[in-house]
Amino acid sequence: MTRPHDFGFDETAQILKDTARRLLQDHCSPEQLHRLVAASSEPARASECVWDEALWRRMLDLGWTAVAVPEALGGFGMGLVAIAGLVEEIGRAAVPSPLIATLCATYVAAACDSDGTRKLLRQIAAGLSVSLAIIDRRGSWEAEDCDVTASDAGVLNGTAWFVQDARKVGVLLVKARSARGVGLYAVDVDAAGVTIVPDAIVDLTRDQAHVELRDVVVAAERIIALPGDGARALAAAEPAILTILAADMVGAAEWQLQTTAEYARTRVQFERPIGFFQAVKHPLVDMMVKIDAARSLLYDAASAFDHEPDAAEVCARMAKSAASDAASYCSGRSVQLHGGIGFTWECFVQLWFKRQKHNEVLFGDAAHQRARLADRLLGRIGETA
């Protein structure tokens, strides 16, 4: 299938992106964000889950949880290209919310075909927030790596690790293995036998937890993918998940660039703005180049997912790799070029720096993505043609 002009980023996608930017400029400015999530600088403080629930309700009123849900199930059925534009704005503002977790879970559910899937997607379209609980203790999300088991009667036992925004969502999409293979199950966070144990993480704009499941009974209508079909659904959704994370990083990197460039125009040393000096100019240009390259690969990946599924995995891994590299570089330079103030708690750049570091490793950093690309394109080492 031929890719459309401009990746398929149409007027509707632009309206969605512009609406998001205006809303977040008004309700999630850097000053507001810092007051919300960085009120305490105490290193020994307890793990927090701080977010603006009033802003979340505004996002729900705009239907943002419904953007990836098919129209037949009450959603907007928008393409990943449009959703990437929305997530760029989420990353630009570093919004603490369960939206990204919900979008990732939506793509996994949409890759399944069951009565439970259709019910869950309708609930997401109506505003339900969901997070994936699919990672094992070692940090692997591969289908065969799973610390949760499911009995034939649909009883779950075990622990799901590294669950994103677990304390903000209403439902967990849990991966569990049985003798018949991997299945996916919708579990309410307040169900009997579910215990959410917060993790201490560096990112102040998110919360993370591991979720213990002890004799959790899942009704038949909450089965999203039957045992044996879960691995296929996760593989089908992974390109979308990688693309969404890349979009968040590109948006955050753009904020880092613009904020650092503005600081370079206003901070004066030796009777000149520091942006006058080549030691500052050149890294800013390098930031811009890396962001533009990552953004091109981001929208190419989104377009491939929408229009050329056979190329989606390769394009998504390229996008996640480039976005991770851009995130790392822009994070380092944003702190460095802010000078002494850049290392302080009061400087806003720390919030984006920490979010980027968290994003880099989610579902594999740049090195991991390149290794998987090499395996896909060249074959694994030791394999014969």
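From a predicted model like this one, the values you see are computed outputs, not experimental measurements. (Residues numbered from 1 in each chain as written. Predicted model: local features only at pLDDT ≥ 70, side-chain atom pairs only at ≥ 80, totals over all residues. Heavy atoms only, no water.)

> Explain the pattern of salt bridges to me, please; I cannot follow it from the model alone.
Pairs can form between side chains of opposite charge once their charged atoms are near each other. All told, the structure shown has 29 salt bridges when counted by the stated rule. Asp-115 is the partner of Arg-118 in a salt bridge, and the nearest nitrogen-oxygen pair spans 2.8 Å. Here Arg-118 and its partner Asp-115 are both found in helix H6 (residues 115–125), 3 residues apart, which amounts to about one turn of the helix. The class for Arg-118 is partly exposed, based on a relative accessible area of 28%. A salt bridge links Arg-222 to Asp-188, with the nearest nitrogen and oxygen atoms 3.3 Å apart. (Salt bridge = Lys/Arg side-chain N within 4 Å of Asp/Glu carboxyl O. Helix = DSSP H or I, 4+ residues; strand = E, 2+ residues; numbered from the N terminus. Buried < 20%, exposed > 50% of the residue type's maximum accessible area, 1.4 Å probe, protein only.)

> Is there a simple way to explain the environment of Tyr-299 in this structure?
Within the secondary structure, Tyr-299 is located in helix H8 (residues 278–307). For the pair formed by Tyr-299 and Leu-80, sequence separation is 219 residues and the distance between their alpha carbons is 8.7 Å. Aside from chain neighbours lying at most four places away, what touches Tyr-299 is Phe-7, Phe-9, Lys-17, Val-81, Ala-84, Gly-85 and Glu-88. For Tyr-299, the side chain forms a polar contact with the side chain of Glu-88, separated by 2.6 Å. (Contact = heavy atoms within 4.5 Å. Polar contact = N/O pair within 3.5 Å; in protein donor to acceptor, adjacent residues only side chain to side chain.)

> Even after reading the chapter, I still don't get helix H4 (residues 80–93), so can you show me in this structure?
Along an α-helix, a turn takes 3.6 residues, which lines up residues three or four apart on a common side. Taking 1.5 Å per residue as the helical rise, H4 with its 14 residues ought to reach 20 Å, and the 20 Å between its terminal C-alpha atoms agrees with that figure. By the criterion of burial, H4 is predominantly enclosed, with 14 of the 14 residues buried. Positioned one or two residues after H4, Ala-94 has a phi angle of 50°, which is positive. (Expected span 1.5 Å × (residues − 1).)

> Please explain the side chain of His-338 as it appears in this structure.
Locating His-338 in the fold gives a position in the loop between helix H9 (312–337) and helix H10 (349–361). Residues contacting His-338, with those up to four places away along its chain left out, are Thr-259, Thr-260, Tyr-263, Cys-347 and Val-349.

> Where do I start with the nonpolar core in this structure?
Counting residues in each nonpolar core, the largest one holds 105 residues, and the members touching the most others are Trp-64, Leu-132, Leu-184 and Phe-363. If one sorts the elements of this core by residue count, helix H7 (residues 230–266) sits on top with 19 residues. Apart from residues lying up to four places away in sequence, Leu-184 is in contact with Val-108, Cys-112, Leu-173, Val-174, Lys-175, Arg-222, Ile-223, Ile-224, Ala-225, Gly-230, Ala-233 and Leu-234. (Core = buried A, V, L, I, M, F, W, Y, C linked by side-chain atoms within 4.5 Å.)

> Explain the packing of H8 against H9 to me, please; I cannot follow it from the model alone.
How two helices sit against one another is set out by the angle between their axes and by the gap between those axes. Interaxial distance between H8 and H9 falls to 8 Å at its minimum, and their mutual angle equals 155°. With respect to H9, the element H8 is oriented roughly antiparallel. In the packing of H8 onto H9, the handedness of the crossing is left-handed. Tallied by class, residues from the contact of H8 with H9 come to 23 nonpolar, no polar and 4 charged. (Axes fitted to C-alpha atoms, helices over the stretch in contact; angles between N-to-C directions. Parallel < 35°, antiparallel > 145°, perpendicular 65-115°, else oblique. Left-handed = near helix turned anticlockwise from the far one by under 90°. Nonpolar A, V, L, I, M, F, W, Y, C, P; charged D, E, K, R; others polar.)

> It is not clear to me how the packing of aromatic side chains should be interpreted in this structure. Could you clarify?
The way to describe two aromatic rings as a pair is by their centre distance and the angle between their planes. Enumeration over the complete set of coordinates arrives at 7 aromatic pairs. When the centroid spacing of 5.3 Å and the interplanar angle of 50° are considered together, the rings of Trp-141 and Phe-363 count as tilted. Here Trp-141 is found in the loop between strand E1 (130–133) and strand E2 (148–150), whereas its partner Phe-363 is found in the loop between H10 and helix H11 (366–378), with 222 residues between them in sequence. Here the aromatic rings of Phe-270 and Phe-277 are separated by 6.4 Å at their centres, their planes lie at 85°, and the arrangement is edge-to-face. (Phe/Tyr/Trp six-rings, centres within 6.5 Å; stacked < 30°, edge-to-face > 60°.)

> Hey, could you run me through the side chain of Asp-248 in this one?
Its location among the elements puts Asp-248 in helix H7. Side-chain polar atoms of Asp-248 contact the backbone nitrogen of Gly-91, separated by 3.5 Å.

> Please clarify how the pairing of strand E4 (residues 171–178) should be interpreted in this entry.
Residues in a regular strand project their side chains so that they alternate between the two faces of the sheet. The element E4 is extensively covered by neighbouring structure, given that 7 of its 8 residues are classed as buried. Relative to E4, E1 runs parallel, the two being bridged by 4 bridges. Residue Val-130 lies in a different strand from E4, and its bridge partner there is Val-171. Hairpin connection from E4 to strand E5 (residues 181–188): 2 residues lie between these consecutive antiparallel strands. (Pairing = 2+ DSSP bridges.)

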